[in-house]
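Structural overview for review
So you can see what is in the structure, the chains are spelled out below.
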Amino acid sequence: MKFEEYLQYDGLGLAELVKNKQIHSSELLSVALERSANINPEINAIIIPMHEHALQRTRQDLSGPFAGVPFLVKDLFQEYAGYPTSYGCQGLKRIGYIADTNAEIVNRWEQAGIVTFGRTNTPEFGIKGITEPDAWGSCKNPWNLRHNSGGSSGGSASAVAAGIVPIAGAGDGGGSIRIPASYCGLFGLKPSRGRTPWGPQMSEAMHGAAIQHVLTKTVRDSAAMLDATHGEDRSSLFTIQRPHTHYLEVIQQPPKKLKIAFNTRSSIDTPVSQDAIKAVEQTARLLESLGHEVVEDQPQIDGMQLAKDFITTWFSQFSYMLNEIQKGYPSRSGDFELDSLALAAFGAKTTAIEYIQNLTNWGQYVTQMNHFFDDYDLYLTPATATVAPKNGEVKTPNWQKPILKALLKMNKAHLLAQGKLVDQIVKENLQWVPFTQLANITGLPAMSVPLYWNEDNLPLGSQFIAPFAREDLLLQLAAQLEQAQPWFDQYSKIRI
């Protein structure tokens, strides 16, 4: 098989070829490895190879919906026993940290038949919406190498868009599936709280705000993989009822007429690009042409307060994570990025009262969204405020760096997160991606659908949020949109 032919298939399509003995999984792996060797030096998507593991897999009698399909996992919370795991961190890379057990999501992917041959680039501990870790360097966007692939599942998104694999592991704690999906022109579904497992290393992440799934080129690949992986494990803190019908079957039928609210304004009063506005307006027209009712409206939620509650919980959780890692081994200067140390310092000063208040507010947002969905079936926004930023464009302002370093030495970095500076920190962190955190906090399923490319051929996704546990409705609509305005052929326009 030549790469040009390989590129014409999604994951299920390649698996069908293997099932019918038209090709062997080892041949698919050879194509993927050749494409990786040619293009990965340019995009920097794959950082830790697992070639021997992949070769061993191709010698096995694989079964499952994706049997024999080349696959990549994110280098964050998707551990393989016996293989290096860095979480995008220079310190863990330096000591050569090796996972001692598989993550349960990895086990389920393997049961689906995939052939994993590498781990993908991610920002340090997944704390940013772009992938530029000091440990591994920037992950480039295949649509334009001057731009970033997004984060935190940036390496996976870049690898799928570039045609190395048709599907790759991803995770979403504040938009980390939907953001790179938007920037790289992919389909990205964030499942509901508790839909996919976190064990055995963890029972959940960020009170269920973070969830594991995949990035894909087609809706059916995402649906089939969710069929293969959903459901709790023995470590799960949150559980969710299994659907009565497989998602892959659900998408065979179009949805009923839907009433969809849309909004293009940032909830934290930051700028929204004309590309983002055009993307949603174009999507709204497409929805209307399909018979759906589209109304401009938004939930009655204080967006800035929600962002503060997200940031506070995020920083506090990260502070705990970093403390646990530092207890595990003696760290050195330079093991952790300045931004990571600053965020951890902010989070460490959050009081128990403040933290519980944040979680109480999370519950209020759930109530408000449930009321909102009394009137609407779905909520549509841009997935991101702009197309992908350029490499190096999203960074800590230069004026802050010497101040942060000085305050960290004095154990007073948390002072930057007091008073009016809180709003500034929120806007600096979320101005590029103000739309995605709502679904994480409320635990609602959400997706980014690739329906728009600008004049420079850079994509920007449309985000849909659904009521809790209604992944079926999202996938059903996504399949209808995919049929009405196919995007698969767009990937052949990538010329790297």
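Our subject in this report is the structure included herewith. Because the structure is predicted, anything quoted here is derived from the model rather than measured.

1. Here we look at the overall build of the protein
Counting its secondary structure elements, the protein contains 18 helices and 13 strands. Over its C-alpha atoms the protein spans a radius of gyration of 21 Å, differing by no more than 12% from the 23 Å that the globule rule assigns to 496 residues. Taken across its 496 residues, the protein has 61% of its residues classed as buried. Across the protein, the fraction of contacts at a sequence separation of at least 24, relative to all contacts at a separation of at least 6, is 80%. With the model as given, the accessible surface of the protein reaches about 19,400 Å², and the carbon-plus-sulfur share is 49%. In the protein, the 43 positive side-chain charges and the 50 negative ones have mean positions that sit 4 Å from each other.

2. Some details on the pairing of strand 12 (residues 446–449)
Neither face of strand 12 is left uncovered, since the one carrying A446 and S448 and the one carrying M447 and V449 both have all their residues buried. Here strand 7 (residues 187–190) runs beside strand 12; their pairing, made up of three bridges, is antiparallel. Bridge pairing in strand 12 places L189 opposite M447. Relative to strand 13 (residues 462–465), strand 12 is paired through four bridges, and the arrangement is antiparallel. Pairing of M447 across the sheet is with F464, part of strand 13.

3. Observations concerning helix 7 (residues 154–161)
Burial analysis of helix 7 places eight of its eight residues in the buried class, which makes it a mostly covered element. G154, G155, S156, A157, S158, A159, V160 and A161 are the residues of helix 7 that are buried. Trailing helix 7 by a residue or two, G163 shows a phi angle of about 90 degrees, which is positive.

4. Quick word on unusual backbone geometry
The omega angle of the peptide bond from G151 to S152 is 5 degrees, so this bond is cis rather than trans. With omega at -5 degrees, the peptide bond leading from G199 into P200 counts as cis. Topologically, P200 is positioned in the loop between strand 7 and strand 8 (211–216). Positive phi outside glycine occurs at K21, with the angle close to 60 degrees. For K21, the location among the structural elements is in the loop between helix 2 (11–19) and helix 3 (25–43). On the basis of relative accessibility, which here comes to 76%, the residue K21 falls in the exposed class. Located in the positive-phi region is M206, a residue other than glycine, with phi close to 55 degrees. Within the secondary structure, M206 is located in the loop between strand 7 and strand 8.

5. A closer look at a positive patch on the surface
Where like charges cluster on the molecular surface, the positive patch consists of K395, K401, K405 and K409. Topologically, K409 is positioned in helix 15 (residues 400–409).

6. Things to note about the environment of R285
Here R285 lies in helix 11 (residues 274–289). Given the relative accessible area of 52%, R285 is considered exposed. Taking the C-alpha atoms as reference, R285 lies 40 Å from V18; in sequence the two are 267 residues apart.

7. Examining the packing of aromatic side chains
Evaluation of the coordinates by the stated rule reveals 16 aromatic pairs. An aromatic cluster of three or more residues is present, and its members are F77, Y87, F125, W198, F318 and F336. Across the ring face of W136, the terminal group of K93 is positioned such that the distance to the ring centre comes to 3.9 Å.

8. Considering helix 4 (residues 51–58)
Those residues of helix 4 that fall on the buried side of the exposure criterion are H53, A54, R57 and T58. Angular distribution of buried residues about the axis of helix 4 spans 135 degrees; they occupy a single face of the element. Buried residues along helix 4 sit in contact with helix 3, helix 6 (104–111) and strand 3 (115–120).

9. Brief notes about the packing of helix 3 against helix 4
Where helix 3 contacts helix 4, the axes come no closer than 9 Å and their chain directions differ by 155 degrees. Considering their axes alone, helix 3 and helix 4 lie roughly antiparallel with respect to each other. Between helix 3 and helix 4 the crossing geometry is right-handed. In this structure, helix 3 uses S25, S26, L29 and L33 to contact helix 4, whose residues at the interface are H51, A54, L55 and T58. Its residues placed into classes, the contact of helix 3 with helix 4 shows four nonpolar, four polar and no charged.

10. As for the pattern of salt bridges
On inspection of all chains with the given rule, the structure shows 13 salt bridges. Of the charged contacts in the structure, one is a salt bridge between R220 and D10, with a shortest N-O distance of 2.7 Å. You can see R220 sitting in helix 9 (residues 219–229) and its partner D10 sitting in the loop between helix 1 (3–6) and helix 2, a full 210 residues away along the chain. For R220, a relative accessible area of 37% puts it in the partly exposed group. A relative accessible area of 6% means that D10 is categorised as buried. Across the pair D172 and R178 runs a salt bridge whose closest N-O atoms are separated by 3.0 Å.

11. Section: the side chain of K74
Structurally, the position occupied by K74 is in strand 2 (residues 70–74). Buried and without a salt bridge, K74 has D172 as its closest oppositely charged side chain, separated by 8.1 Å. Among residues more than four places away in sequence, those in contact with K74 are R119, T120, T122, S152, S153, S156, G169, A170, G171 and S176.

12. A closer look at the side chain of E124
Looking at the element boundaries, E124 is found in the loop between strand 3 and strand 4 (140–141). An unpaired buried charge is present at E124: no salt bridge exists, and K128, the closest side chain of opposite charge, is 7.2 Å distant.

13. Quick look at the environment of K257
As for its placement among the helices and strands, K257 is situated in the loop between helix 10 (247–250) and strand 9 (259–262). A relative accessible area of 58% places K257 in the exposed class. Each C-alpha atom of the pair K257 and T386 lies 30 Å from the other, and the pair is 129 residues apart in sequence. Ignoring anything within four residues of it in the chain, the contact list for K257 reads G291, H292, E293 and D377.

Calculation criteria
- Residues numbered from 1 in each chain as written.
- Predicted model: local features only at pLDDT ≥ 70, side-chain atom pairs only at ≥ 80, totals over all residues.
- Heavy atoms only, no water.
- Helix = DSSP H or I, 4+ residues; strand = E, 2+ residues; numbered from the N terminus.
- Rg over C-alpha atoms; globule rule 2.2 N^0.38 Å.
- Buried < 20%, exposed > 50% of the residue type's maximum accessible area, 1.4 Å probe, protein only.
- Contact = heavy atoms within 4.5 Å.
- Areas by Shrake-Rupley, 256 points an atom, 1.4 Å probe, with all protein chains shown as cover.
- Lys, Arg positive; Asp, Glu negative; His and termini not counted.
- Charge placed at Lys NZ, Arg CZ, Asp CG, Glu CD.
- Pairing = 2+ DSSP bridges.
- Patch = residues over 30% accessible without salt bridge, like charges linked within 9 Å, V, L, I, M, F, W, Y side chains within 5 Å.
- Salt bridge = Lys/Arg side-chain N within 4 Å of Asp/Glu carboxyl O.
- Phe/Tyr/Trp six-rings, centres within 6.5 Å; stacked < 30°, edge-to-face > 60°.
- Lys NZ or Arg CZ within 6 Å of the ring centre and 35° of its normal.
- Arc of directions from axis to C-beta.
- Axes fitted to C-alpha atoms, helices over the stretch in contact; angles between N-to-C directions.
- Parallel < 35°, antiparallel > 145°, perpendicular 65-115°, else oblique.
- Left-handed = near helix turned anticlockwise from the far one by under 90°.
- Nonpolar A, V, L, I, M, F, W, Y, C, P; charged D, E, K, R; others polar.

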